[in-house]
Amino acid sequence: MKTLVVYSSLTGNTKKVAQAVSSVLPECDMFPVEEAPSSVEGYDLVALGYWVDKGMPDGRSRAWLEGIRNARLAFFGTLGAWPDSDHAKECMKKGEALALEPARGNSVCGSWLCQGRIDPKVLEVMARMAGNVHPMTPERKARIEEAAKHPDDGDCRRAQGFFRNILDSLK
């Protein structure tokens, strides 16, 4: 089985998870999205890692994914929200929906998300909008502080386990 890991990383969070994932995949090639091949022909599984931007995979990941056809995909990502929140679940669905547009002929084996440190520039923008859109509630502050600790070694092990399970399901 030949595998490919493609990732986009703003703060290093998603790259860290990509490295962990690639370590458990057979015959694995790994590229940042800017250097990823435009065709994934010949790969049995393609793992795309992205950081969540406004509830969607980041723009570079979306642009790359738009060109991918007839691939077996699995997603992993990082976001500042709680990974088991309704928001996180919706983010995963949106990422999968991009890949599953019928004309593309892709299939999706699953998606996995963990928290990740939020880019300080994003926090600055959120603070300027605080009165209207993103008020700094105690819950939001606690979530941001917790996100700053991730991805940690446990997150990387869970990502590896997720992809091992995918490999097992493909046997």
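For the structure, check the block above.
Calculation notes
Residues numbered from 1 in each chain as written. Predicted model: local features only at pLDDT ≥ 70, side-chain atom pairs only at ≥ 80, totals over all residues. Heavy atoms only, no water. Helix = DSSP H or I, 4+ residues; strand = E, 2+ residues; numbered from the N terminus. Contact = heavy atoms within 4.5 Å. Phe/Tyr/Trp six-rings, centres within 6.5 Å; stacked < 30°, edge-to-face > 60°. Buried < 20%, exposed > 50% of the residue type's maximum accessible area, 1.4 Å probe, protein only. Pairing = 2+ DSSP bridges. Right-handed = clockwise from strand over helix to strand, strands pointing away. Core = buried A, V, L, I, M, F, W, Y, C linked by side-chain atoms within 4.5 Å. Axes fitted to C-alpha atoms, helices over the stretch in contact; angles between N-to-C directions. Parallel < 35°, antiparallel > 145°, perpendicular 65-115°, else oblique. Left-handed = near helix turned anticlockwise from the far one by under 90°. Nonpolar A, V, L, I, M, F, W, Y, C, P; charged D, E, K, R; others polar.

## Brief notes about the environment of Ser38
Relative to the helices and strands, Ser38 is located in the loop between strand E2 (28-32) and strand E3 (45-53). Along the sequence, Ser38 and Thr14 sit 24 residues apart, while their C-alpha atoms lie 20 Å from each other. The contacts of Ser38, once residues within four sequence positions are left out, are Trp64, Gly67 and Ile68.

## Here we look at the packing of aromatic side chains
Counted by the stated rule, this structure contains three aromatic pairs. Between Tyr50 and Phe75, the aromatic rings sit 6.2 Å apart at their centres with planes inclined by 65°, giving edge-to-face as the arrangement. Placement of the pair is Tyr50 in strand E3 and Phe75 in strand E5 (residues 72-79), with a sequence separation of 25 residues. For Tyr50, a relative accessible area of 1% gives the class buried.

## Some details on the pairing of E2
Each regular strand shows side chains that alternate between the opposite faces of the sheet. Here strand E1 (residues 3-7) pairs with E2 via five bridges, running parallel. Of the residues in E2, the one forming a bridge with Leu4 is Asp29. With helix H1 (residues 13-22) bridging E1 and the parallel E2, this β-α-β connection has right-handed handedness.

## Here we look at the nonpolar core
Of all hydrophobic cores here, the largest spans 24 residues; its most connected members are Val40, Trp64, Leu65 and Leu73. Elements with a minimum of two residues in this core: E1, E3, helix H2 (59-66), E5 and helix H3 (86-99). Ignoring sequence-local partners within four residues, the contact set of Val40 consists of Leu4, Val46, Trp64, Ile68, Arg69 and Ala71. Formed by 18 residues, the second largest nonpolar core is a distinct cluster that contains Ala18, Val21, Ala74 and Phe163.

## A look at the pairing of E1
Judged by how many residues are buried, E1 sits mostly within the fold: five of five residues are covered. Of the two faces of E1, the one carrying Thr3, Val5 and Tyr7 and the one carrying Leu4 and Val6 are both buried. Alignment of E1 against E3, held across five bridges, turns out to be parallel. Bridging across to E3, Leu4 finds its partner in Val46.

## Digging into the packing of H1 against helix H6 (residues 153-170)
The contact between H1 and H6 brings their axes to 8 Å, and the two run at 45°. As far as their axial angle goes, H6 and H1 are oblique. In this structure, H1 crosses over H6, and the sense of that crossing is right-handed. Every residue of H6 that contacts H1 at Lys16, Val17, Ala20 and Val21 is listed here: Asp153, Cys156, Ala159, Gln160 and Phe163. The residue inventory of the contact of H1 with H6, partitioned by class, reads six nonpolar, one polar and two charged.

## What to know about unusual backbone geometry
Cis geometry marks the peptide bond from His150 to Pro151, where omega comes out at -5°. In this fold, Pro151 is placed in the loop between helix H5 (138-147) and H6. The phi dihedral of Glu27 falls on the positive side, at around 40°, and the residue is not glycine. Within the element layout of this structure, Glu27 appears in the loop between H1 and E2. Positive phi, close to 55°, is recorded for Asn70, a residue that is not glycine.

## Re the environment of Lys93
Note that Lys93 resides in helix H3. Under the relative-accessibility criterion, Lys93 is labelled exposed at 54%. When the C-alpha atoms of Lys93 and Ser111 are compared, they prove to be 8.4 Å apart, with 18 residues separating the residues in sequence.

None of this, on its own, says anything about what the molecule does.
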